[in-house]
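Structural description and commentary
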Amino acid sequence: MKIAVLAGGLSPEHDVSMTSGALVANALAKRGHSVALCDVYLPMSNSRQAVFGGTEKFEYEIPPVPTSVSKMRKMYADGRLIGDGVIDFCREADVVFTALHGGAGEDGHIQALLEMLGIKFTGSDMASCHAAMDKHISKLICEKAGLDAPPCVIVKKGEAAPDIELPAVVKPCSCGSSVGVTFVYEKDALKAALDEAFKYEERVIIEKKIEGREFSVSVLGGRALPSVEILPKSGTYDFISKYKSGLTEEICPGRLDESEEKEIERLALTAHGALGLGDYSRSDFIYGYDGKFYYLETNALPGMTKNSLLPMSARAAGIEYEELCEKICALAYERKKK
């Protein structure tokens, strides 16, 4: 197939996305496909991409801090989200692999554009991406479907900090990769945590911190993959712990008995279905010390870096990285043929 890989974009997860995109492009090229990669935010004339069928090896490294969206925004005064020529680039492909995380690439904007133009793309449709990206909306939908979730409040920029039960987790409503997330244990730290989250978004969610063990479960083609248990050495699964090798231990399958594993897989499939997601997703849970699984969030476009959890779960199910990337493309291609 002729596959266009979209990555980057105007998002605090730009660098994570570029890394995912580079690895995906290399994997698909190794499987014999004609592949090209582009940063969706840049004009094609400036983007570091190879033409379809090129032999370039794509490389990108995640820096220790997230990309500054405000600095990126200054590149174009017209407020664009997609670079000149990117849509024509997508039209050339049989399938577009959306290796986008956060921003317009995961909240449904780019999916809506591709849908309107009849361009085949991986992942989920506009409405599902939008619902999953907003942590408050996805929580309400999944609670309606029967999942337990930590109590939460929403704070808008300019509002006073609420009186909340501690410890708590403060995070932007629509960012992934633990961008802008702070664990708050004392009231004096709440304002600083809110200020940090407001750097990325004007709506912030404050959740009660559930004490327990953290798990993630991916869904691929309607099937739940083995769970991953997450053990950050610092005690908190933040941006650095996620993407710097050696700072987090991930155990796959997670240390659950058979009935617990079946239950968390059922919950992931329930969340996937309730949100109307398509080819694949990844949902995160806390297994509380009270014996209940608590739903945290669902990623419509999970990371595809070397440290990402979807590839790890797929490997445990006997699907290696290159095959995983190709399977995701095949799911999109076959879905659009129906």
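One can find the structure itself at the top, above this paragraph.
Okay, so let's go over this structure. Predicted, not measured: the structure shown is a model, and the values here were computed from it.

Topic: the pairing of strand E5 (residues 168–172)
Most of E5 sits inside the fold, with 5 of its 5 residues counted as buried. Neither face of E5 is exposed, since Ala168, Val170 and Pro172 on one face and Val169 and Lys171 on the opposite face are all buried. Where E5 lies against strand E6 (residues 182–184), 3 bridges are found, and the strand directions are antiparallel. In the strand pairing of E6, Ala168 is matched with Val184. The pairing of E5 with strand E7 (residues 203–208) spans 5 bridges and is classified as antiparallel. Paired with Val170 across the two strands is Ile206, which belongs to E7.

Observations concerning the layout of surface pockets
Where empty space is left can be seen by rolling a probe of water-molecule size over the atoms. The space that makes up the second largest pocket amounts to roughly 650 Å³. Elements with a minimum of two residues in the lining of the second largest pocket: helix H2 (69–73), helix H4 (103–106), helix H5 (109–116) and helix H6 (126–133). Among the residues making up the lining of the second largest pocket, the classes are represented as 12 nonpolar, 12 polar and 8 charged.

Section: the pattern of salt bridges
When charged atoms on two side chains of opposite charge get close, those side chains can pair. In this structure the tally under the stated criterion is 18 salt bridges. Between Arg282 and Asp284 there is a salt bridge, with the nearest N and O atoms lying 3.2 Å from each other. Since its relative accessible area comes to 7%, Asp284 is described here as buried.

Remarks on the packing of aromatic side chains
Per the stated rule, a full pass over the model turns up 3 aromatic pairs. Judged by centre distance (6.5 Å) and plane angle (65°), the rings of Phe215 and Tyr287 are edge-to-face. One end of the pair, Phe215, is in strand E8 (residues 212–220); the other, Tyr287, is in strand E12 (residues 280–288), and 72 residues separate them in sequence. On the basis of relative accessible area, Tyr287 is assigned to the buried category, the value being 12%. Centroid distance Tyr287 to Phe293: 4.1 Å. Interplanar angle 15°. Geometry classified as stacked.

Overview of the environment of Ser259
By the secondary structure assignment, Ser259 is in helix H10 (residues 258–274). In this structure, the C-alpha to C-alpha distance between Ser259 and Glu323, residues 64 residues apart in sequence, is 29 Å. A polar side-chain atom of Ser259 sits 2.9 Å from a polar atom in the side chain of Asp257.

Considering the sheet that holds strand E2 (residues 34–39)
The parallel open sheet is built from 3 strands, whose spatial order is E2-E1-E3. Looking at the sheet topology across the chains shown, the edges are occupied by E2 and strand E3 (95–98). The average angle at which neighbouring strand axes cross in this sheet is 25°, direction not considered. As defined by bridge partners, strand E1 (residues 2–7) adjoins E3 across 4 bridges and the pair is classed as parallel. Among the inter-strand pairings, Leu6 is bridged to a residue of E3, identified as Thr98.

Reading the values: the criteria
- Residues numbered from 1 in each chain as written.
- Predicted model: local features only at pLDDT ≥ 70, side-chain atom pairs only at ≥ 80, totals over all residues.
- Heavy atoms only, no water.
- Buried < 20%, exposed > 50% of the residue type's maximum accessible area, 1.4 Å probe, protein only.
- Helix = DSSP H or I, 4+ residues; strand = E, 2+ residues; numbered from the N terminus.
- Pairing = 2+ DSSP bridges.
- 1 Å grid on protein atoms, 1.4 Å probe; cavity = no way out; pocket = protein on both sides within 12 Å on 5 of 7 lines; lining within 4 Å.
- Points joined across faces, edges and corners; volume = space filled by probe spheres on them.
- Nonpolar A, V, L, I, M, F, W, Y, C, P; charged D, E, K, R; others polar.
- Salt bridge = Lys/Arg side-chain N within 4 Å of Asp/Glu carboxyl O.
- Phe/Tyr/Trp six-rings, centres within 6.5 Å; stacked < 30°, edge-to-face > 60°.
- Polar contact = N/O pair within 3.5 Å; in protein donor to acceptor, adjacent residues only side chain to side chain.
- Axes fitted to C-alpha atoms, helices over the stretch in contact; angles between N-to-C directions.

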